[in-house]
Amino acid sequence: MAFTAFRGMKPASQFVMAAFIVLVSFVAVFILSILVAIPVVGASDMMNGLSGFDPSDPSAIALLKYFQVVQSIGLFVVPPFLIAYFFEGQPANYLLLNRKLDGGVAIVGLLAVLVAGPLVGFTGALNEQMHLPEALSGIESWMRTMEDQAASLIERFIQVETVWGLLFNLFMIAVIPAIGEELLFRGVVQKIFTQMTRNYHWGIWISAFLFSALHMQFYGFIPRMVLGALFGYLLVYSGSMWLPILAHFVNNAVGVLILHGEHGGSETVESLNQYSESFSSSFVIALMSLVLCVGLLYVMRRKTSTS
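Here is what the cut-offs are and how they apply
- Residues numbered from 1 in each chain as written.
- Predicted model: local features only at pLDDT ≥ 70, side-chain atom pairs only at ≥ 80, totals over all residues.
- Heavy atoms only, no water.
- Helix = DSSP H or I, 4+ residues; strand = E, 2+ residues; numbered from the N terminus.
- Buried < 20%, exposed > 50% of the residue type's maximum accessible area, 1.4 Å probe, protein only.
- Contact = heavy atoms within 4.5 Å.
- Areas by Shrake-Rupley, 256 points an atom, 1.4 Å probe, with all protein chains shown as cover.
- UniProt positions renumbered as here; feature names shortened; annotations may be inferred.
- Salt bridge = Lys/Arg side-chain N within 4 Å of Asp/Glu carboxyl O.
- Phe/Tyr/Trp six-rings, centres within 6.5 Å; stacked < 30°, edge-to-face > 60°.
- Lys NZ or Arg CZ within 6 Å of the ring centre and 35° of its normal.
- Patch = residues over 30% accessible without salt bridge, like charges linked within 9 Å, V, L, I, M, F, W, Y side chains within 5 Å.
- Expected span 1.5 Å × (residues − 1).
- Axes fitted to C-alpha atoms, helices over the stretch in contact; angles between N-to-C directions.
- Parallel < 35°, antiparallel > 145°, perpendicular 65-115°, else oblique.
- Left-handed = near helix turned anticlockwise from the far one by under 90°.
- Nonpolar A, V, L, I, M, F, W, Y, C, P; charged D, E, K, R; others polar.
- Core = buried A, V, L, I, M, F, W, Y, C linked by side-chain atoms within 4.5 Å.

1. Some remarks on the overall build of the protein chain
Right, on to step 1. Within the protein chain, the regular secondary structure consists of 13 helices and zero strands.
Right, on to step 2. The helix and strand sequence of the protein chain, counted from the amino end, reads α-α-α-α-α-α-α-α-α-α-α-α-α.
Right, on to step 3. Buried residues in the protein chain amount to 40% of all 307 residues.
Right, on to step 4. Residue pairs in contact within the protein chain that sit at least 24 positions apart in sequence constitute 76% of those at least 6 positions apart.
Right, on to step 5. When the accessible surface of the protein chain is totalled, it reaches about 16,300 Å², and 70% of it is carbon and sulfur.

2. Quick word on the UniProt feature "transmembrane region" (unreviewed entry) in the protein chain
Right, on to step 1. Taking the numbering used here, the UniProt-annotated feature "transmembrane region" (unreviewed entry) corresponds to residues 15–42, 63–87, 107–126, 162–180, 200–222, 234–259 and 279–299.
Right, on to step 2. Taken end to end, residues 63–87 comprises 100% helix and 0% strand; its first and last C-alpha atoms sit 35 Å apart.
Right, on to step 3. Secondary structure over residues 234–259 splits into 88% helix and 0% strand, and the C-alpha atoms at its two ends are 27 Å apart.

3. Thoughts on the pattern of salt bridges
Any two side chains of opposite charge can pair, given that their charged atoms come close.
Right, on to step 1. This structure, assessed with the given rule, holds one salt bridge.
Right, on to step 2. The partner of Glu182 in a salt bridge is Arg186, and the shortest N-O contact between them spans 2.7 Å. Of the two residues, Glu182 and Arg186 are both situated in helix 8 (residues 163–197); the distance of four residues between them amounts to about one turn of the helix. Comparing Glu182 with Arg186 shows no difference in burial state: the two are buried.

4. Remarks on the packing of aromatic side chains
Right, on to step 1. Applying the stated criterion to the full structure yields 14 aromatic pairs.
Right, on to step 2. Through pairs of rings, three or more aromatic residues link up here, namely Phe26, Phe30, Tyr66 and Phe67.
Right, on to step 3. Just above the ring of Phe211 sits the side chain of Arg186; from NZ or CZ to the centre is 4.6 Å.
Right, on to step 4. It is Lys191 that lies over the ring of Tyr94; its NZ or CZ is 4.7 Å from the centre.

5. What to know about a nonpolar patch on the surface
Right, on to step 1. Taken together, the side chains of Phe283, Val284, Leu287, Met288, Leu290, Val291 and Val294 make up a nonpolar region of the molecular surface, amounting to roughly 660 Å² of accessible area.
Right, on to step 2. Among the secondary structure elements, Leu287 is positioned in helix 13 (residues 283–306).
Right, on to step 3. In this structure Leu287 comes out as partly exposed when scored by relative accessible area, which is 42%.

6. A few points about helix 1 (residues 11–41)
Right, on to step 1. Taking 1.5 Å of rise per residue, 31 residues should cover 45 Å, and helix 1 covers 43 Å from first to last C-alpha, within 8% of that figure.
Right, on to step 2. Along helix 1, the residues that are buried comprise Pro11, Gln14, Met17, Ala18, Ile21, Val22, Ser25, Ser33 and Ala37.
Right, on to step 3. Immediately beyond the C-terminal end of helix 1, within one or two residues, lies Gly42, with a positive phi of roughly 100 degrees.

7. Brief notes about the packing of helix 8 against helix 9 (residues 200–214)
Right, on to step 1. As a packed pair, helix 8 and helix 9 sit with axes 7 Å apart at the nearest point and diverge in direction by 135 degrees. Taken together, the axes of helix 8 and helix 9 lie oblique to each other. Like other packed secondary-structure pairs, helix 8 and helix 9 cross with a definite hand, here right-handed. Along the contact surface, helix 8 presents Glu181, Phe185, Arg186, Val189, Gln190, Phe193, Thr194 and Thr197, while helix 9 presents Tyr200, Trp202, Gly203, Ile204, Ile206, Ser207, Ala208, Leu210, Phe211 and Leu214.
Right, on to step 2. Partitioning the contact of helix 8 with helix 9 into residue classes produces 11 nonpolar, five polar and two charged.

8. With respect to the side chain of Ser238
Right, on to step 1. Topologically, Ser238 is positioned in helix 10 (residues 221–238).
Right, on to step 2. By relative accessible area, which is 11% here, Ser238 ends up buried.

9. Some remarks on unusual backbone geometry
The phi angle of most residues is negative, glycine excepted, and most peptide bonds adopt the trans form.
Right, on to step 1. In this structure, Leu96 is a non-glycine residue whose phi angle is positive, near 60 degrees.
Right, on to step 2. Summarising the element assignment, Leu96 is placed in the loop between helix 4 (91–94) and helix 5 (103–115).
Right, on to step 3. Owing to a relative accessible area of 16%, Leu96 belongs among the buried residues under this scheme.

10. Digging into the nonpolar core
Right, on to step 1. Ranked by size, the top nonpolar core spans 26 residues in total, and within it Leu234, Leu297 and Met300 carry the most contacts.
Right, on to step 2. Mapped onto this core, the elements with two or more residues apiece are helix 5, helix 6 (117–128), helix 9, helix 10, helix 11 (242–261) and helix 13.
Right, on to step 3. In terms of residue count, the dominant contributor to this core is helix 10 (10 residues).
Right, on to step 4. Counting 25 residues, the second-largest nonpolar core is a separate cluster that includes Ile83, Ala84, Tyr94 and Met241.

11. Remarks on the environment of Ile176
Right, on to step 1. Counting through the fold element by element, Ile176 comes out in helix 8.
Right, on to step 2. For Ile176, a relative accessible area of 5% translates into the label buried.
Right, on to step 3. With 69 residues separating them along the chain, Ile176 and Ile245 place their C-alpha atoms 9.8 Å apart.
Right, on to step 4. In contact with Ile176, other than residues within four places in its own chain, are Val69, Ser72, Ile73, Val77, Phe171 and Glu181.

Here is the structure:
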């Protein structure tokens, strides 16, 4: 018998219920992951590895990767299916996973993500120049320290010497976020706010704002929000969840492969920043990127509507 208690809820109530499910799922999966890890790692070694993290210790890196995967599954992958079941009873239909993706539409959508690169880089450069008021300098310093630590950790994650290590990084950084984050933010949050505002543009940009805010990275907030909005339009104009998932995967996988190609050292990060700045410093190129991206989205919309 289908569970129907949460069917027909108002969008605001759906959002509160969805947030509660996300929280419960995260806590439950995290506790389960600890119980699974203790017999393998040992309680004391696990606590020491998490509290006194040593970036040069391979076992500590492996433990953090494990919890990174678990966190993503509990926070992003599991909740959308539970939410979709409670709200509709058919997760594949609610999350638009049962909609076929036309090959031509997919190509146009991926081209839109590709040409949006300079625009994303330009907004990233602008974001980097933003500063909080002097009264909030302490908060700004804290945010900068947190982002530097996150960047350093990603560098250590990327530094692998085997093909299996690279494949695991792709799974952790590209596959799981592409599936989980798109299902949660585009499949659930965007749907709820589109119903709430009765306008899919508002739904797209509100979910993109929340998508970027959840990453807790102030100096990458705007470009991540732009990407989130782009993924949202890919969903609306293609009608299939598989296109934003594919676009998200390609975007993340390219970054992983580039960093891995140079062993993920500090020189890699510096060279990527210089590359980004060479593109993002030009307003004209960013404007052209925006025009081309919007044009491709228009073509995709027309192609989908005619088919």
